[in-house]
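Results of the structural survey
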Protein chains: 4
Amino acid sequence: MSPIKKIGLFTSGSDSPGMNAAIRAVVRTAVFYDIEVAGIRRGFEGMINGDIELMGTKSVSNIIQRGGTMLKTGRSEQFKTSAGRKLAYDQLKKNGIEALVALGGNGTIKGMREFGDEYPDIAIMAVPCTIDNDLRGSDFTIGYDTAINTVIEAVDKIRETAESHDRLFIVEVMGRDSGMIALRTGMGVGAEAIMVPETKSDINALFDRLQRGRKDKTSKIVMVAEGDEPGGAFEIGRAIMEKFPHYDTRVSILGHIQRGGKPTCMDRVLASRLGVAAVEAIKEGHTGEMAGLIHNDIVFTPFDQSVKHHNDVNAEFIRIVEMLSL
Amino acid sequence: MSPIKKIGLFTSGSDSPGMNAAIRAVVRTAVFYDIEVAGIRRGFEGMINGDIELMGTKSVSNIIQRGGTMLKTGRSEQFKTSAGRKLAYDQLKKNGIEALVALGGNGTIKGMREFGDEYPDIAIMAVPCTIDNDLRGSDFTIGYDTAINTVIEAVDKIRETAESHDRLFIVEVMGRDSGMIALRTGMGVGAEAIMVPETKSDINALFDRLQRGRKDKTSKIVMVAEGDEPGGAFEIGRAIMEKFPHYDTRVSILGHIQRGGKPTCMDRVLASRLGVAAVEAIKEGHTGEMAGLIHNDIVFTPFDQSVKHHNDVNAEFIRIVEMLSL
Amino acid sequence: MSPIKKIGLFTSGSDSPGMNAAIRAVVRTAVFYDIEVAGIRRGFEGMINGDIELMGTKSVSNIIQRGGTMLKTGRSEQFKTSAGRKLAYDQLKKNGIEALVALGGNGTIKGMREFGDEYPDIAIMAVPCTIDNDLRGSDFTIGYDTAINTVIEAVDKIRETAESHDRLFIVEVMGRDSGMIALRTGMGVGAEAIMVPETKSDINALFDRLQRGRKDKTSKIVMVAEGDEPGGAFEIGRAIMEKFPHYDTRVSILGHIQRGGKPTCMDRVLASRLGVAAVEAIKEGHTGEMAGLIHNDIVFTPFDQSVKHHNDVNAEFIRIVEMLSL
Amino acid sequence: MSPIKKIGLFTSGSDSPGMNAAIRAVVRTAVFYDIEVAGIRRGFEGMINGDIELMGTKSVSNIIQRGGTMLKTGRSEQFKTSAGRKLAYDQLKKNGIEALVALGGNGTIKGMREFGDEYPDIAIMAVPCTIDNDLRGSDFTIGYDTAINTVIEAVDKIRETAESHDRLFIVEVMGRDSGMIALRTGMGVGAEAIMVPETKSDINALFDRLQRGRKDKTSKIVMVAEGDEPGGAFEIGRAIMEKFPHYDTRVSILGHIQRGGKPTCMDRVLASRLGVAAVEAIKEGHTGEMAGLIHNDIVFTPFDQSVKHHNDVNAEFIRIVEMLSL
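What you see is a predicted model; the values in this text were computed from it and never measured. (Residues numbered from 1 in each chain as written. Chains lettered and ligands numbered in written order. Predicted model: local features only at pLDDT ≥ 70, side-chain atom pairs only at ≥ 80, totals over all residues. Heavy atoms only, no water.)

Thoughts on the overall build of chain A
- Across its full length, chain A carries 11 helices and 11 strands.
- In terms of overall size, chain A behaves like a compact globule, its C-alpha atoms giving a radius of gyration of 22 Å where 326 residues would be expected to give roughly 20 Å.
- For chain A, the spread of C-alpha atoms along the principal axes amounts to about 70 × 35 × 30 Å.
- Looking at chain A as a whole, 66% of its 326 residues qualify as buried.
- When contacts within chain A are restricted to residue pairs at least 6 apart in sequence, those whose partners lie at least 24 apart make up 77%.
- Total accessible area on chain A is roughly 11,200 Å²; 49% of this is exposed by carbon and sulfur atoms. (Helix = DSSP H or I, 4+ residues; strand = E, 2+ residues; numbered from the N terminus. Rg over C-alpha atoms; globule rule 2.2 N^0.38 Å. Buried < 20%, exposed > 50% of the residue type's maximum accessible area, 1.4 Å probe, protein only. Contact = heavy atoms within 4.5 Å. Areas by Shrake-Rupley, 256 points an atom, 1.4 Å probe, with all protein chains shown as cover.)

Structure below.
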C-alpha cells in the first residue's frame, strides 16, 4: 500500500464546541506527515457539490478556542441515497482525495459506514463531535464538557432569580434520546429532580419528590432532558401548576446556546488528541473506525459498534441528586 | 426635625443584578451615620407581615458580587389596597421604622408614591433596580448593564451555531414595553434587524430588510423585544418561514437567564453610589424621590416624574444597526 | 471640495477590546457611502512600509465580538521623526488615500496631530481606543468598560481565596498615569482602599485605613494603579508586611489579561457609534478631531484638546469606597 | 462496632474550587444517614482551638457553585508536632466527634496519616481537593478542572494581545512540583512549548523550538509550570530576550486567580460523588483512606499510597503540543 497523499476533512450534523480544535489538529498533523488536507465545506452537501479547498497550517491559526466549525456543517438528504453517495465519491476521486476524516455524531458515523461499505477504496476515520455524549467508543464526545458548563452557568443565573422569588423552575436541556446532559448538570446545579428519556419518568414520583423536601426550601430546580416522555418541560410545568397551584412555577428552555461557546480545556485537549490519532490511524492503514478516549487511552472502535446507544442510566447519579437536594 | 434613627430597606418587583450591591451600600452608609437598618423580606409582603430583621455591616459582607437579592422580593396584591397599606404602615411603626429605602422598578415606585401620599410621616427614597432601563430620572437603572451583557454572551454562542449552519435566528429578549435591551444588544451582536415595542413594527419592512442583505451573508440574527406587537418571536419566526421557506429559521427565547448573573462593574458602581445617595438624602430630609444618575451626577427625581415612560426610540440606533449589518 | 474616495484605517498603540468593533463600523459605513477603505497593518509602521490592503464588508464579518485588532498594532520610533512621517505620507499618496481614521489612545492622537499639521491635505479623524479612559473629549474610551469587568472577575476569584485564608491582597491594575481603572474596580469589588497616581498616596494613611476596619473582617483587598508613587504593588506589599507581620499578605499583578477579552455590550455599542461618526465626519469635511461620546451625544474634539489629561480624581469615589468597606 | 454518630468536617491547605460542593455533599449525606456533622473552621488550627460548630442541611444551601471554602482553611505548624495533634484529639473527643472527613491535598493527607497512626479510634476519610492534580488514587482531584479552565480563559485574552502586537508571551501557571496544569492548558491554548518540573527542561531545546516554527507565525506562547528548574518564567523570559532581542517578549504570572472561580460541572460532580462516598465509607467502617475516582468508579486508596507523586510526564502530550503548534 502506498502512503496516503491527500485527506478530505469535513464536519457534519449539529455543530459542537471543539470541532475547530479537532480541525486544527487534523490539518497540522497531516501537514507534519506531508499529507495534503482538503477541507470539504458544509458536510455531505459540499462533498456532493465539490465545495472543497486545500487547507494549510496557517488556515487553522487562532481557531482552537472558537465554537462552531469553520468548515460549516449541515445535513444532506441526497447523501442518504446511493445516487447521492455516488456523486460524493466521484467528487472525492476528482479531487484526489484518498481518505476522509469525519467530525460529527451518530448520523455522521452512520453515513460514513454506508459510504465505506460501498466505496472501500477511501479510508475513513471518524472523530466523535457531539454535545450529547451518546456514542460508544469514547468516554466523552467532543463538545459535551463545554455544553454541561454552559448549562450550569445558565442555571446558576436562573437559580438566583428562583431564590429571590421563591420559585420552582423546570429547566429543559438538550438530549433528544439521552439524559447525559441532564444527569451531570442536574447534579452540578443541585437540582431537586432530573427527568431523563432513558427511564420511564413518572410524574407522580416527581410530585412526591417535590413534596418530600424541606418546608423551608422555597426555591427548586427540576432538570428535564428534551426527550423525556411526559412531554417536555412545558407539559411537566403544566402538570405541576395544576397539582401545586401555590407554587410559583416557571419553565425555561435553554435551547441553542448549548451548542455554542468557547470549548473548555478538556474539550480542546480531547479534540487535539483525537484529531492527531485519526490522522495517524489513517497513515497506519486503519479505516472504518472512530477514534475515542477510554480511560484516558486512545481506542479505535469500528463504526458499527460506535453508533449511538441508549446509555444505561447511571442510577447512582439519580440517587445522589435526590439525597443531596433534600 | 430630629434625625432619622431607623431605616427600613426592601427589594420589590422582579429581581435585577446589583440589588445586593445596593443593599450593601444602604446598610453600610446607614451604619456609618449611626442609623439602624431593618431589612424587610419579600418586599411589600414582608412589610405587611412584619418579616423584618435588623441588619449590620457584617450581614452584607461578600454580597456585592452576587445576583438576585438577599432580602428576597415579590409582588403583593394586598399592598395595592389601602387596607393592605395600612397593615404595612402599622408594622413599620411597630418596628420603629421612620424611613424607607425601596429598591425596585416602576411598580415599586408607584406603590411607594401611593403609600407616601397616605403616610407622609415615613420618609421614602427609591433606588432604580430593573433590567428594563425604563425609568425617568436615571440614565441607567441598576441591572441593565448586566442584562445586556448576559444577552450578548448568549447571542454570541447562538451566532456560532447560526454561522456553522447558515441559519437565521429570531432571538427574543426581555422588555415588555421597552426596546432598551433589544436596541443595545442588537447593535452589540451585529443583528440584521431589531423589533421594538415603541415603534409600529412592520413585518414587510423586516422581509425587505432580510432580502436586501449581501447574497453571501448566510447567517442572520433578528432581535425582538418580548413586547413587540406582531406577536413575539415565534409569530415572527412563523411569518419568516412562510415567506422564506428556503431559510433555515430558528427561534430562541432567552428568558430568565437575563435577570441573573454577577453584576458588571458599572452596575456595582451605580448601585453603590445610589445606595449611598439614598441614605444621605433621607438624612438630609428628602422624601418621595428616586436617586438616579444623570450625566454622571446624582440627581433626585420626585416619584411622579420617575415612573416608567415610553422611551423615544433612538432612531440613530436603528439606523446604525441597519447600516452596519449590510 | 470633491468627495473623499478612499479612507485609510489603522490601529495604533496598545490594543484595547472593541477595536475590532470599531474597524467593522468604519469599514461598513464607508462601504455604505461608496468610499473605499484601505486597511493599514501594524499602525504607523505599516503606513511607512506600505503594508496596506483594501477591505470590504465581508472582511469585517464576525469580528465585532473579538478582542485585539485584526489590523494589528504597534509603536513606531520612525514615525516620531519628520523623515518617517514623510515616508508615511508618500505611501498614503501612492495608495490614493485621502483621509485617515486612526484608532488608538493618547500616543496615536499626538502622532496624528503632528502629521496633520505637516500634511493638511489628508483629512484625519480619531476614535478613542484605550483601556485607560484618560482622554478628554469622551466620557468613556473604547475598551475601558471591558477592562474593568475583566479586573473585577479576576478579583472576585482572588477574594474567594482571600476569604478562605483570611488574607490581605494587594492587587495591581493597569493605569500608568491614571487611576480610572483602579477607582471603579476598587468600588466594584468592595476594596478597603484604592491607591491612584493622581493623588499623593500616603502609606501611613493606608496603614491607618487597614487598622480602622472591623476586627472580624479578616480578608482585605487593596487596589493599586500601576503608576502609583510609593512604588508599585510589591513595594506596598513589602511595607505592609513589615508594619503588620501578622497579616497574611499577598501581591497579585493582574497584567496583560486586562487588554484582552470579548468587548462588553457598552464597548461594542460605543465602538459602533464612534466608528460611524468618524466616517460621516470625514464625509462632511471634518479633520483633526476625535469622535467621542459626551452625555450620550456624539461630540467632535480637536486633537490638541483631546490628548491625555490627569483626571481630577473623583474624591466622591474614594469617600464611598472607604465608607462602604468598613 | 456501634454506628458513627458524629463526623467532624474540615478543609485544609490551599483552597480549591469545588471544596464547597464537597462540603455540601458530606453534610447532606450525613444528615440523610442521621449522622451529625460538626464543621471545624480553618483546618487543623480550628481543630486545635475548638473552633467547631454543628452544620445542617440548610447551612450548605446555595454553596455548590461557590469557589473557596465556607469552612475557611489554613496551615498549622502546631499540628506538625505530636503535642499539637494531642490538643486536636482532645478537642475532637470533647466535641463527641468519632470520625473525620478531611478535604485537602497532599499536606492534609500526610497530616491525617500521622494523626490516624496516633489516634486510631477516630475514623478518617479524605477527599482530594487541590488544583494540582498530583495525588495517586484519583484520576482527577477536585479543583483541577476549574483551574485549567481559568488558565485557558486568561491565556485566550493574553493571546489576543500577543497577536495584535506580534509578541512572545511566557506564561507561568501553578504547579510547584507538577506540570499537570501546564500540560493540559498548554495543549488547550495551542502553546509553542511547555516547560514542566518533571523533566529536565533544557533552555537550548526551547531556543531551537522557538526558531523551528513558521516564519510567518509572529505571536507565540510558552507555558511554564512555576516549579520548572531554569528558574521561573522571569528567568526564562530573560534568557529569551538575550538570545532573541528582536522578539517582543513579555512575561505573565497568572498567580492567585487560578485558585478561585465557580467550579466547573465536572468539579461539582466529582465533589458531590466523592463527598457522598467518603461518608458512606465511614459508615461502612473504612478509615485511613482517600476516596477517589478511577475510570469513573469510586475507589478507596490507603493514605500511604495516595500521597503526592511525581507524575510520569505524559510524553504524548508534549509530542502533540509541539506537532500542533508548528
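And the narrative resumes.
Focus: the relation of the copies chain D and chain C
- Of the transformation superimposing chain D on chain C, the axial component is 0.0 Å and the angular component is 180 degrees, with the fit at an RMSD of 0.0 Å. The relationship between the two copies is best expressed as a two-fold rotation axis.
- When the interface residues of chain D are mapped onto chain C, 100% of them again fall at the interface, so both copies present the same face. (Least-squares fit on C-alpha atoms with pLDDT ≥ 70 in both.)

Description of the UniProt feature "binding site: ADP" (unreviewed entry) in chain A
- Residues annotated in UniProt with the feature "binding site: ADP" (unreviewed entry) correspond here to A:Arg24, A:Ala25, A:Val26, A:Val27, A:Arg28, A:Arg159, A:Gly190, A:Ala191, A:Glu192, A:Lys217, A:Thr218 and A:Ser219. Annotated residues spanning 196 residues; largest pairwise C-alpha distance 53.3 Å, indicating distribution over more than one region.
- With respect to the element layout, A:Ala25 can be found in helix α1 (residues 19-32).
- Not counting residues up to four positions away in its chain, the partners in contact with A:Ala25 are A:Ala271, A:Ser272, A:Gly275, A:Val276 and D:Leu324.
- Here A:Gly190 shows up in the loop between α6 (180-189) and β7 (193-195).
- If near-sequence neighbours (up to four positions away) are discounted, A:Gly190 is found in contact with A:Ser325, D:Arg24 and D:Ile64. (UniProt positions renumbered as here; feature names shortened; annotations may be inferred.)

Thoughts on the relation of the copies chain D and chain A
- Of the two same-sequence chains, chain D is brought onto chain A (RMSD 0.0 Å, axial shift 0.0 Å) by a rotation of 180 degrees.
- By residue overlap, the copies meet face to face through one surface: 100% of the interface positions of chain D are interface positions in chain A.

Overview of the interface of chain D and chain A
- Contacts between the two partners involve 50 residues from chain D, matched on the other side by 50 residues from chain A.
- Of the roughly 4,300 Å² buried between chain D and chain A on both sides combined, carbon and sulfur atoms contribute 58%.
- In terms of surface lost to chain A, no three residues of chain D exceed D:Cys265, D:Met323 and D:Leu324, which account for 15% of the buried area on that side.
- If you look at where chain D meets chain A, you find 6 salt bridges.
- Across the pair D:Arg268 and A:Asp156 runs a salt bridge whose closest N-O atoms are separated by 2.8 Å.
- The tally of links from chain D across to chain A stands at 19 residue pairs in polar contact (both at pLDDT 80 or more).
- When contributions to the side of chain D that touches chain A are tallied by element, the ones reaching two or more residues are α1 (19-32), α5 (144-165), α6 (180-189), α9 (265-283) and α11 (315-324) of chain D. (Buried area = accessible area lost by both parts, 1.4 Å probe. Salt bridge = Lys/Arg side-chain N within 4 Å of Asp/Glu carboxyl O. Polar contact = N/O pair within 3.5 Å; in protein donor to acceptor, adjacent residues only side chain to side chain.)

What about the sheet that holds strand β9 (residues 248-253) of chain C?
All names here are of chain C.
- Across the sheet, 4 strands lie side by side as β7-β8-β6-β9; this open sheet has parallel pairing. With one partner strand each, in any of the chains shown, β7 (193-195) and β9 form the two edges of the open sheet. Across this sheet, the average inter-strand angle for adjacent strands is 20 degrees, counted without regard to direction.
- Here strand β6 (residues 167-173) pairs with β9 via 6 bridges, running parallel. When the sheet's bridge partners are listed, Leu168 is paired in β9 with Thr249.
- Here helix α8 (residues 232-243) sits on the sheet and contacts β6, β7, β8 (220-225) and β9; the angle it forms with β9, its principal contact strand, is near 175 degrees. (Pairing = 2+ DSSP bridges. Axes fitted to C-alpha atoms, helices over the stretch in contact; angles between N-to-C directions.)

Concerning the interface of chain D and chain C
- Counting from both sides, the interface comprises 32 residues of chain D and, opposite them, 32 residues of chain C.
- Looking at the side of chain D facing chain C, the largest losses of area belong to D:Lys157, D:Ser164 and D:His256, adding up to 26% of the total buried there.
- Summed over the shared surface of chain D and chain C, the number is 4 salt bridges.
- Between D:Asp166 and C:Lys72 there is a salt bridge; the shortest N-O distance is 2.6 Å.

Here we look at the sheet that holds strand β6 (residues 167-173) of chain A
Residues and elements named next belong to chain A.
- With parallel pairing, the 4 strands of this open sheet are ordered in space as β7-β8-β6-β9. Each of the sheet's edge strands pairs with one partner strand only, and the pair in question is β7 and β9 (248-253). Along the sheet, successive strands turn relative to each other by an average axial angle of 20 degrees, direction set aside.

Things to note about the packing of α6(A) against α9(D)
- Running from amino to carboxyl end, α6(A) crosses α9(D) at an angle of 75 degrees, the nearest separation of the two axes being 8 Å. The orientation of α6(A) with respect to α9(D), classified from their angle, is roughly perpendicular. Taken together, the residues of α9(D) that come into contact with α6(A) (itself represented by A:Arg184, A:Thr185, A:Met187, A:Gly188 and A:Val189) are D:Cys265, D:Met266, D:Arg268, D:Val269, D:Ser272 and D:Arg273.
- A class-by-class count of the residues in the contact of α6(A) with α9(D) yields 5 nonpolar, 3 polar and 3 charged. (Parallel < 35°, antiparallel > 145°, perpendicular 65-115°, else oblique. Nonpolar A, V, L, I, M, F, W, Y, C, P; charged D, E, K, R; others polar.)

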